[in-house]
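# Summary of the model geometry
These are the residues of each chain, in order.
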Amino acid sequence: MLHTCLATAQPTPKPIRKLRKALNTVDTASFKSHVQYLADDKLRGRQPGMPGYQMAIDYVVAQLQQRGVQPAGEKGTFLQTVRLRRAFTEVSSSLRLTPPTGPAAPLTYGQDFTFYPNPKQTETAVEAGLVFAGFGISAPELGYDDYAGLDVKGKVVVVTRQEPTRFADAVRLYTTDLLTVLQTAQRKGAVGVLWASVKPAAKPPEPLRGLVSVLDSAGNVAVSRSYVGGGLQLAGSISAATLQRLFVGAAQDTGRVLGALRAGQPASVALLPRLQARQRSRYQDMVSYNVAGKIAGTDPQLRNEYVVHTAHLDHLGVGVPLAGDSIYNGAHDNATGVATLLEIAGIYQHLKPKHQPKRSVLITLVTGEELGLLGSAYFARNPTVPKEQLVANVNTDMPTIIAPLLSVVPLGAENSSLAAPVAQAAQALSLTVEADPEPAQNRFIRSDQYSFVTQGIPALHIKYGNKTADGRNNLSELVQKWRAITYHKPQDDINGQFDFEAGRKYAQLNFLIGYLVAAEAKRPTWNPGNFFGERFSKTASPE
């Protein structure tokens, strides 16, 4: 069996030398066996709430028990209940516009407008005035505010689907995120938000498969990416033609305001028509679970603090057939991430007692990532250990093990002191650390680590780097070709392209990062002036 030994080209950091034997217990056959089982057709794509997902739960719980991991879920189990509600908007929902003069005009659902379903109320009615609020951003600390001087209390806010160009990528994607825009409008007193397309041929987006939220034990919405509740009763989309109708008689036309926005200048304006909306929603409820296990630390004080390793256990289930296959197995996405965490647990099992870290470690497999980071968001807000004792999150999501692992991109490490253990761990494994080659995609906020960030907890997600053995350093080109034919398709199964030695190295690397944080007396901290640290640290956001 092929093993990857620790690097010897340069001195291995002292805290890591003692771990060599335990690290080398990770083997490719074990890693592959996890992926093979979790991606088997009999699990039917591990869709939350379905029998195949329960089979995945049973498998990972058994594996954690075999590795000596203690239960860290609810009531002495490995499980945390996550109640999911899939909500759909009924096509009988209606929207009418009443201009300052003349009769009201009904609009056509699916062509002129669509609504996001309401996971709390089956029927809502809104009659209100309208205002156009640019991108829907209120960030005076960044020198930009679409709401400055704009009265939106009791009104429906209309925002553009364009994106601002004046902000750094992370700031842009956070401030224009659907949930952030809803929360901003709610704080300003609006009763609804409508996103407007500016492309004449584009139809308003419609979530035909519904949108999923998490309910608490009392039936209230605990986590949602498209609903904030309170006074905000309506959220939806309108076409470019509908936007033009809203601007009839306004102080400025759409050409002028959209041009100003493209130039980086706020261009908000009151709109003259009134809106009458009636929305009807229906639900499908299901129960799913997060899996949480604990590896206890050794320090009498620090053992009550936790480093959290996460990977999402769910995938897309059974869907539209492609090339004769309808089971979306999710071998890379994210059976490989789950395998990584199981192997991390195995490394801890092989550590000598004197080498166990000061802090405790949580091995957490979360549900609903494919539905909008739901399981991780629920866990980060309602952890099964005291929330203030979570010190860091190391997430593993689709490491893309299709070629030798020679370099890595630690998404999010640049925001906090987590960059130091990443550098140490990478050095020990002869890995080069690279900057994110696609910052505009901002993958940092698109996987489960972001759920912890919004709760003020430093987090990162290790992705492949670009380095290749032939020196061309163009691995991203190979990955892009692979993604085009495999990602989120039935073709992501065990028969696809794999480099399980790379998977083994991912497990070693993620273990080392978490271990170094768990062994360090000082908690990880956000870097001074960091956007995410200033936004979320100490004042955990409701996102």
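Up top is the structure.
All of the points below concern the structure found in this document. (Residues numbered from 1 in each chain as written. Predicted model: local features only at pLDDT ≥ 70, side-chain atom pairs only at ≥ 80, totals over all residues. Heavy atoms only, no water.)

### Concerning helix α14 (residues 500-519)
Between its first and last C-alpha atoms α14 spans 28 Å; for 20 residues at 1.5 Å apiece the expected length is 28 Å, and the two agree. Burial runs high along α14: 19 of the 20 residues are buried. At the N-terminal boundary of α14, the capping side chain belongs to Asp499, with an oxygen 3.1 Å from the backbone nitrogen of Glu501. (Helix = DSSP H or I, 4+ residues; strand = E, 2+ residues; numbered from the N terminus. Expected span 1.5 Å × (residues − 1). Buried < 20%, exposed > 50% of the residue type's maximum accessible area, 1.4 Å probe, protein only. Polar contact = N/O pair within 3.5 Å; in protein donor to acceptor, adjacent residues only side chain to side chain.)

### Side note on the pairing of strand β9 (residues 156-160)
Most of β9 sits inside the fold, with 5 of its 5 residues counted as buried. In β9, alternate side chains face the same way, and those of Val156, Val158 and Thr160 on one face and Val157 and Val159 on the other are all buried. Looking at chain direction, β9 and strand β10 (residues 192-196) are connected through 5 bridges and run parallel. Counted as the bridge partner of Val158 is Leu194 from β10. (Pairing = 2+ DSSP bridges.)

### What to know about empty space enclosed by the protein
Counted under the stated rule, the structure contains 2 cavities of 30 Å³ or more. Computed from the structure, the largest cavity encloses a volume of approximately 100 Å³. Around the largest cavity sit 14 residues that line it, and Ser226, Tyr227, Gln233, Leu234 and Ala235 are the ones nearest its centre. Partitioning the lining of the largest cavity into residue classes produces 9 nonpolar, 5 polar and no charged. (1 Å grid on protein atoms, 1.4 Å probe; cavity = no way out; pocket = protein on both sides within 12 Å on 5 of 7 lines; lining within 4 Å. Points joined across faces, edges and corners; volume = space filled by probe spheres on them. Nonpolar A, V, L, I, M, F, W, Y, C, P; charged D, E, K, R; others polar.)

### Considerations on the environment of Arg172
Examined against the element boundaries, Arg172 turns out to sit in helix α5 (residues 169-175). With a relative accessible area of 9%, Arg172 lands in the buried category. Expressed as a C-alpha distance, the spacing of Arg172 and Ala440, which sit 268 residues apart in the sequence, is 9.2 Å.

### Re the packing of aromatic side chains
As enumerated under the stated definition, the model contains 20 aromatic pairs in all. For the pair Tyr109 and Phe113, a centre-to-centre distance of 5.1 Å together with 90° between the ring planes defines the contact as edge-to-face. We note that Tyr109, like Phe113, is buried. Note on Phe531 and Phe532: the rings are 5.4 Å apart at their centroids and 75° apart in plane angle, and the pair reads as edge-to-face. (Phe/Tyr/Trp six-rings, centres within 6.5 Å; stacked < 30°, edge-to-face > 60°.)

### As for the pattern of salt bridges
One pass over the full model with this rule turns up 13 salt bridges. With a shortest N-O distance of 3.8 Å, Arg504 and Glu501 are connected by a salt bridge. Here the residue Arg504 and the residue Glu501 both occupy positions in helix α14, the gap between them amounting to 3 residues, near one helical turn. One exposure class covers both Arg504 and Glu501, and it is buried. (Salt bridge = Lys/Arg side-chain N within 4 Å of Asp/Glu carboxyl O.)

### Looking at the environment of Asn304
When you line up the elements, Asn304 lands in the loop between β14 (269-295) and β15 (306-312). Residue class for Asn304 comes out partly exposed when judged on its relative accessible area of 40%.

### Things to note about the side chain of Ser239
Residue position: Ser239 is located in the loop between β13 (234-238) and α7 (240-246). One polar contact links Ser239 to Thr242, side chain to side chain, over a distance of 3.0 Å. Filtering out sequence-adjacent residues up to four positions away, Ser239 remains in contact with Gln111, Asp112, Ser197, Ala202 and Pro204. (Contact = heavy atoms within 4.5 Å.)

### Topic: unusual backbone geometry
Cis geometry marks the peptide bond from Asp333 to Asn334; its omega dihedral reads 10°. Positive phi values are uncommon outside glycine, yet Arg46 reaches one of about 50°. Within the chain, Ala323 stands out as a residue other than glycine whose phi angle is a positive 55°. Mapped onto the fold, Ala323 is located in the loop between β16 (317-322) and β17 (325-328).

### Describing the nonpolar core
Within the largest apolar cluster, 74 residues are counted, with the highest numbers of intra-cluster contacts made by Leu64, Leu313, Leu365, Phe511 and Leu512. Element by element, the count of residues in this core is highest for α14, at 12 residues. Beyond its immediate chain neighbours, meaning those up to four positions away, Phe511 contacts Leu19, Leu23, His309, Ile344, Ile347, Tyr348 and Leu351. (Core = buried A, V, L, I, M, F, W, Y, C linked by side-chain atoms within 4.5 Å.)

### Structural notes on the packing of helix α3 (residues 28-38) against α14
The interhelical angle for the contact between α3 and α14, taken along N-to-C directions, is 95°, at an axis separation of 9 Å. Considering the angle they form, α3 stands roughly perpendicular to α14. Note on element contacts: α14 touches α3 through Phe500, Glu501, Gly503 and Arg504, opposite Thr28, Phe31, Lys32 and Val35. The residue makeup of the contact of α3 with α14, split by class, is 3 nonpolar, 2 polar and 3 charged. (Axes fitted to C-alpha atoms, helices over the stretch in contact; angles between N-to-C directions. Parallel < 35°, antiparallel > 145°, perpendicular 65-115°, else oblique.)

### A look at the side chain of Thr396
Its place among the elements puts Thr396 in the loop between β19 (390-395) and β20 (407-411). Under the relative-accessibility criterion, Thr396 is labelled buried at 1%. In terms of polar contacts, Thr396 uses its side chain to reach the side chain of Asn510, at 3.5 Å. If sequence neighbours within four positions are ignored, Thr396 has contacts with Thr310, Ala311, His312, Asn334, Gly337, Thr340, Leu341, His461 and Asn510.

### Topic: helix α11 (residues 419-428)
Note on helix geometry: an α-helix contains 3.6 residues per turn, so any two residues three or four positions apart are oriented the same way. For α11, every residue scored as buried is listed here: Pro421, Val422, Ala425, Ala426 and Ala428. Projection of α11 onto a plane perpendicular to its axis shows the buried side chains occupying an angular sector of 160°, all on one side. Taken from the residues just after α11, Ser430 is the one with a positive phi, measuring 55°. (Arc of directions from axis to C-beta.)

### Considering the packing of α11 against α14
Relative orientation of the contacting elements α11 and α14 amounts to 135°, with a least axis distance of 9 Å. Classed by the angle they form, the pair α11 and α14 counts as oblique. Handedness of the crossing formed by α11 with α14: right-handed. Seen from α11, the contacting residues are Pro421, Val422, Gln424, Ala425, Ala426 and Ala428; seen from α14, they are Leu509, Leu512, Ile513, Leu516 and Val517. For the contact of α11 with α14, the residue count by class is 10 nonpolar, 1 polar and no charged. (Left-handed = near helix turned anticlockwise from the far one by under 90°.)

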